[in-house]
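Structural description and commentary
Each chain, written out:
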Amino acid sequence: DRISELPESLILKILCQLPIQQAVATSVLCKQWQSVWKMIPKLKFDYFPIKHQLGNVCKFLLSHKAPVLQSFQLKVDYIDRHNVVDIVILIGIALTRNVRKLVLEVSGPAEVLITFPTSLYNGETLETLTLRRWVLHFPSQFCLKSLKNLHLDYVNYKDNETFLNLLSGCPNLETLKICSWAITDVFPSTVCLKSLRTLHIYDLQFHEEKSLLNLLSGCPNLENVEVSRITNSSDCFFIAVPSLQRLSIDNDLYPPCSYAINTPSLKYLKISGSIALESCLIENVPELVEADIDIEVSNHITIISENLLGPLTSVRRLTLALSSLKIEFPISVIFYQLVYLELYTDREAWGNLLIHMLGCSPKLQVLKLNGGCNEALDPGEWNQPKNIPECLLLHLETFTWKGYKWQRKKERKVAKYILKSSNHLKRATFLSSKRICSTDRRMMVKYMKSLVKD
């Protein structure tokens with residue numbers, strides 16, 4: 001058969017895509033296939049009733065012959081205090097197969113405490129460990145010197161010391177992802193993760209205001225941070241990391257949180273969700289190249305102040321999704337490096353912000369208006385500037401409008417102004433959010449062409 005003629009490496013890749021039971025079933029095809037599945041580098045066992053299939057899983061693992069098990073993934077639908085030892089045995093067998101990536105997900109009563117086999121504590125090959133929905137206990141003395149990636153999703157711990165023991169036992173950790181609904185205050189000032197480069201925190205409630213600051217302070221080489229849905233007693237967070245290059249903040253909780261950001265090496269910034277604009281402070285970001293600001297507000301008066309956009313003047317690419325009923329920062333704040341601007345039109349009075357940004361972005365080359373996922377809102381009263389902005393006269397080459405409502409008079413005014421004012425425009429693209437009949441399409445194209453300068 002043709003499949004048998006394929007290189008073994010390709011056959012193993014194909015078998016890795018199959019459920020393990022189907023991969024094993026290929027052993028009955030012919031004598032040549034009897035042992036092929038035993039060399040599969042990745043073993044994945046999705047949710048199964050552990051009492052009935054534990055023997056099969058053990059058999060698969062004991063029969064595995066590959067020198068290195070690249071990945072072992074085990075998802076168990078339910079455990080209790082009687083069969084938790086069986087799970088520990090499975091993990092121990094996987095570790096003897098030089099597993100590099102271990103993904104373990106279980107569900108069961110909160111009182112079921114799992115202590116890993118001692119073979120894990122001095123693992124020589126384990127590089128990635130993902131734990132979901134576990135109740136864990138780690139001793140004070142162990143070392144996972146090869147572990148580089150640790151993902152903890154909704155994991156509970158016997159006590160705070162257990163969590164600190166886990167982090168302390170990973171001296172070469174590069175990526176840490178924590179997702180939990182629990183309230184924690186387990187980050188004392190003694191936390192030290194010198195090798196950590198990437199930190200993701202989701203759904204975490206810090207009991208103490210200084211807990212996040214302590215964690216960040218213990219990561220002197222941190223480059224990438226993502227925080228989402230985190231709270232503390234004061235709803236205010238300080239992010240001061242000299243080495244940080246990428247920062248993403250997402251929060252849809254109420255009341256809105258505020259942030260003070262001091263990151264002199266930052267190159268990429270994303271802020272989204274419900275953020276307290278009036279108390280959001282961004283300072284000392286001279287290396288910033290790209291920013292994405294998408295902020296929802298609960299009140300009806302939105303003030304875009306110098307605190308929010310003023311520090312972003314060094315960026316080359318900027319995406320804004322903001323309501324702009326009121327803009328309070330001086331026109332003297334100029335975005336001299338900005339060449340790409342994307343502005344969402346599903347926010348109230350977005351036209352005010354567009355006019356302001358065109359006026360303070362003299363080197364803008366690409367302008368994109370984006371209708372987003374929501375219905376595009378009225379741009380507000382379109383009061384075009386008395387003087388044509390420098391970027392339209394000298395630099396704008398590409399104009400794209402996604403979700404363009406050509407039936408709306410105010411949107412036609414905006415499009416007309418940009419097309420007629422742009423001396424160096426090379427390409428203009430209008431994408432309607434709704435299907436347009438051929439007759440209306442021809443009329444719209446003809447109208448747009450009449451506006452473009454030769």
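Residues numbered from 1 in each chain as written. Predicted model: local features only at pLDDT ≥ 70, side-chain atom pairs only at ≥ 80, totals over all residues. Heavy atoms only, no water.

Going by what an unreviewed UniProt entry lists, the chain is known as F-box domain-containing protein and is assigned to Capsella rubella.

1. Let's talk about the environment of Leu425
Within the secondary structure, Leu425 is located in the loop between α10 (409-421) and β26 (427-432). Exposure remark for Leu425: the relative accessible area of 17% places this residue in the buried category. (Helix = DSSP H or I, 4+ residues; strand = E, 2+ residues; numbered from the N terminus. Buried < 20%, exposed > 50% of the residue type's maximum accessible area, 1.4 Å probe, protein only.)

2. Remarks on the nonpolar core
In terms of nonpolar packing, the biggest core is built from 118 residues, with Phe72, Trp134, Leu312, Leu318, Leu354 and Leu367 touching the most fellow members. Counting contributing residues, this core receives three or more from each of domain 1 (1-40) and domain 2 (316-453). (Core = buried A, V, L, I, M, F, W, Y, C linked by side-chain atoms within 4.5 Å. Domains from an automatic or database assignment.)

3. Details of unusual backbone geometry
Of note in this structure, Tyr154 is not a glycine but carries a positive phi near 55°. Along the polypeptide, Tyr154 turns up in the loop between β7 (149-153) and β8 (156-157).

4. A word on the pattern of salt bridges
Where charged atoms from two side chains of opposite charge approach closely, those side chains can pair. Under the defined criterion, the tally for this structure stands at 10 salt bridges. Linking Glu105 and Arg132 is a salt bridge whose minimum nitrogen-to-oxygen distance equals 3.6 Å. Of the two residues, Glu105 is situated in strand β3 (residues 101-106) and Arg132 in strand β5 (residues 128-132); the sequence distance between them amounts to 27 residues. Between Glu411 and Arg408 there is a salt bridge whose closest N-O contact spans 3.6 Å. The exposure class of Arg408 is partly exposed, given its relative accessible area of 29%. Connected through shared salt-bridge partners, Glu105, Arg132 and Asp153 make up one network. (Salt bridge = Lys/Arg side-chain N within 4 Å of Asp/Glu carboxyl O.)

5. Considerations on the pairing of strand β16 (residues 258-262)
Here is the key point about a regular strand: its side chains alternate between the two faces of the sheet. Within β16, four of the five residues are buried, which leaves it mostly tucked inside the rest of the structure. With five bridges connecting them, strand β14 (residues 236-240) and β16 associate as parallel partners. Across the sheet, residue Phe237 finds its bridge partner in β16, namely Tyr259. Pairing analysis gives three bridges linking β16 to strand β18 (residues 281-283), with the strands arranged parallel. (Pairing = 2+ DSSP bridges.)

6. Details of the layout of surface pockets
By volume, the second largest pocket is sized at about 290 Å³. Along the walls of the second largest pocket sit 16 residues, with Ala428, Phe430, Val445, Met448 and Lys449 positioned nearest its centre. Broken down by secondary-structure element, the contributors of at least two residues to the lining of the second largest pocket are β26 and α11 (438-451). (1 Å grid on protein atoms, 1.4 Å probe; cavity = no way out; pocket = protein on both sides within 12 Å on 5 of 7 lines; lining within 4 Å. Points joined across faces, edges and corners; volume = space filled by probe spheres on them.)

7. Some remarks on helix α4 (residues 84-96)
With 13 residues, α4 extends 19 Å between its outermost C-alpha atoms, agreeing within 8% with the 18 Å of an ideal straight helix rising 1.5 Å per residue. Within α4, the full set of buried residues consists of Val84, Ile87, Val88, Leu90, Ile91, Gly92, Ile93, Ala94 and Leu95. Of the residues one or two after α4, Asn98 is the one with positive phi, at around 55°. (Expected span 1.5 Å × (residues − 1).)

8. Concerning the pairing of strand β2 (residues 71-76)
With six of six residues buried, β2 lies mostly within the body of the structure. In terms of strand pairing, β2 meets β3 through six bridges, oriented parallel. Each residue of the ladder has a partner; that of Val76, found in β3, is Val106.

9. Things to note about the confidence of the model for the chain
Summarising the model, the chain shows a mean pLDDT of 79, and 74% of its residues fall at 70 or more. Ranking the elements of the chain by mean pLDDT puts strand β10 (residues 183-184) last with 58 and strand β24 (residues 366-370) first with 96. (pLDDT = per-residue confidence, 0-100.)

10. Remarks on the state of the cysteines
Tallying each qualifying case throughout the model produces zero disulfides. Left without a disulfide partner, Cys143 is nearest to the cysteine sulfur of Cys170, which lies 8.1 Å away. Exposure remark for Cys143: the relative accessible area of 30% places this residue in the partly exposed category. No disulfide involves Cys219; its nearest neighbouring cysteine sulfur is the one of Cys192, lying 8.2 Å away. (Disulfide = S-S within 2.5 Å.)

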